[in-house]
Amino acid sequence: TQLLEQSPQFLSIQEGENLTVYCNSSSVFSSLQWYRQEPGEGPVLLVTVVTGGEVKKLKRLTFQFGDARKDSSLHITAAQPGDTGLYLCAGAPWGSGTYKYIFGTGTRLKVLA
Amino acid sequence: AAGVIQSPRHLIKEKRETATLKCYPIPRHDTVYWYQQGPGQDPQFLISFYEKMQSDKGSIPDRFSAQQFSDYHSELNMSSLELGDSALYFCASSLGWAGGSPLHFGNGTRLTVT
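What counts, and at which threshold
Residues numbered from 1 in each chain as written. Chains lettered and ligands numbered in written order. Predicted model: local features only at pLDDT ≥ 70, side-chain atom pairs only at ≥ 80, totals over all residues. Heavy atoms only, no water. Phe/Tyr/Trp six-rings, centres within 6.5 Å; stacked < 30°, edge-to-face > 60°. Helix = DSSP H or I, 4+ residues; strand = E, 2+ residues; numbered from the N terminus. Contact = heavy atoms within 4.5 Å. Buried area = accessible area lost by both parts, 1.4 Å probe. Salt bridge = Lys/Arg side-chain N within 4 Å of Asp/Glu carboxyl O. Polar contact = N/O pair within 3.5 Å; in protein donor to acceptor, adjacent residues only side chain to side chain. Core = buried A, V, L, I, M, F, W, Y, C linked by side-chain atoms within 4.5 Å. Buried < 20%, exposed > 50% of the residue type's maximum accessible area, 1.4 Å probe, protein only.

Caption draft 1: Molecular detail of the packing of aromatic side chains. Residues and elements named next belong to chain B. Within this structure, the stated rule accounts for 9 aromatic pairs over all chains. Geometrically, the ring pair formed by Phe90 and Phe105 is edge-to-face, given 6.4 Å between the ring centres and 85° between the ring planes. Placement of Phe90 in strand 9 (residues 87-94) and of Phe105 in strand 10 (residues 104-105) is noted, with a sequence separation of 15 residues between them.

Caption draft 2: Quick look at the interface of chain A and chain B. Every contact between the two is made by 22 residues of chain A and, on the other side, 26 residues of chain B. For the pairing of chain A and chain B, the buried interface totals around 1900 Å² over both sides, and the portion due to carbon and sulfur atoms is 55%. Counting every contact that joins chain A to chain B gives 1 salt bridge. The partner of B:Arg9 in a salt bridge is A:Glu41, with the nearest N and O atoms 3.4 Å apart. On the surface where chain A and chain B come into contact, there are 5 residue pairs in polar contact (both at pLDDT 80 or more). Within the residue set of the side of chain A that touches chain B, elements represented by two or more residues are strand 4 (29-37), strand 5 (44-49) and strand 9 (85-93) of chain A.

Caption draft 3: Layout of the nonpolar core. Membership of the largest hydrophobic core comes to 22 residues, with the highest contact counts inside it found for B:Leu21, B:Trp34, B:Leu76, B:Met78 and B:Tyr89. Put simply, the parts of the chain that give this core at least two residues each are strand 3 (19-24), strand 4 (31-37), strand 5 (44-50), strand 7 (64-68), strand 8 (74-78), strand 9 and strand 11 (109-113) of chain B. Non-local contacts of B:Leu76, meaning those with residues more than four positions away in its chain, are made with B:Ala19, B:Thr20, B:Leu21, B:Trp34, B:Leu46, B:Ile60, B:Phe64, B:Ser65, B:Ala66 and B:Tyr89. If you look at the next biggest cluster of nonpolar residues, it comprises 20 residues, including A:Cys23, A:Leu74, A:Ile76 and A:Leu109.

Caption draft 4: Representation of unusual backbone geometry within the structure. Of note, the bond from A:Ser7 into A:Pro8 is cis; its omega dihedral lies within 30 degrees of zero at -5°. Tracing the sequence through the fold places A:Pro8 in the loop between strand 1 (5-7) and strand 2 (10-14). For the bond running from B:Ser7 to B:Pro8, omega is -5°, close enough to zero to count as cis. Here the phi dihedral of A:Arg69 falls at roughly 60°; this positive angle occurs in a residue that is not glycine. If you trace the backbone, A:Arg69 turns up in the loop between strand 7 (61-65) and strand 8 (71-76). By relative accessible area, A:Arg69 is classed as partly exposed at 23%. Here the phi dihedral of B:Ser80 falls at roughly 45°; this positive angle occurs in a residue that is not glycine. Mapped onto the fold, B:Ser80 is located in the loop between strand 8 and strand 9. Classification of B:Ser80 by relative accessible area gives partly exposed; the value is 39%.

Here is the structure:
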């Protein structure tokens, strides 16, 4: 059972457009991380959101953690070709009692020049 | 800043051979995770170690084993390799358990089994 569902799965947009990626779960997470991965490379941590309702900004990227800590979103403003990559949300379910850390299903973004 | 180091970067093996992948976590990180990522797939958790003890086990085949050493580096041993084992293998490290600490990933080892 995949606990973290991301949407959309694939996204191809023109340079300058805005986009939002969603990460949803029925479980509560103590925190959620967003990573970006390029082909053949390891996932690179973008941000950690911890508090319900929290909003974090990283240049043109805005991350939000849902009030109930079950979902998160990533909004990119004025996308650029350099934003192309696989975006993964990830985290450990609250109270899982183990060192479980799971990844979302991923969103493959392609920004066309 | 020091990052997670994995070696080798690329590895080519034949079916039924054995492979050993190494991971050196970020200094002072006490938790190591191993993931397998097939083409077009998200990383699948294999196994993790906290303070040199196995802390969790995912979809790791019985043919694979791993351990974390006293210097916190970890090795993933893979025996009787199969074609389906071809994938990117990532190691990640964190400080403390994953509930509150993000994972930092290495650049992976690309294993090709022929």
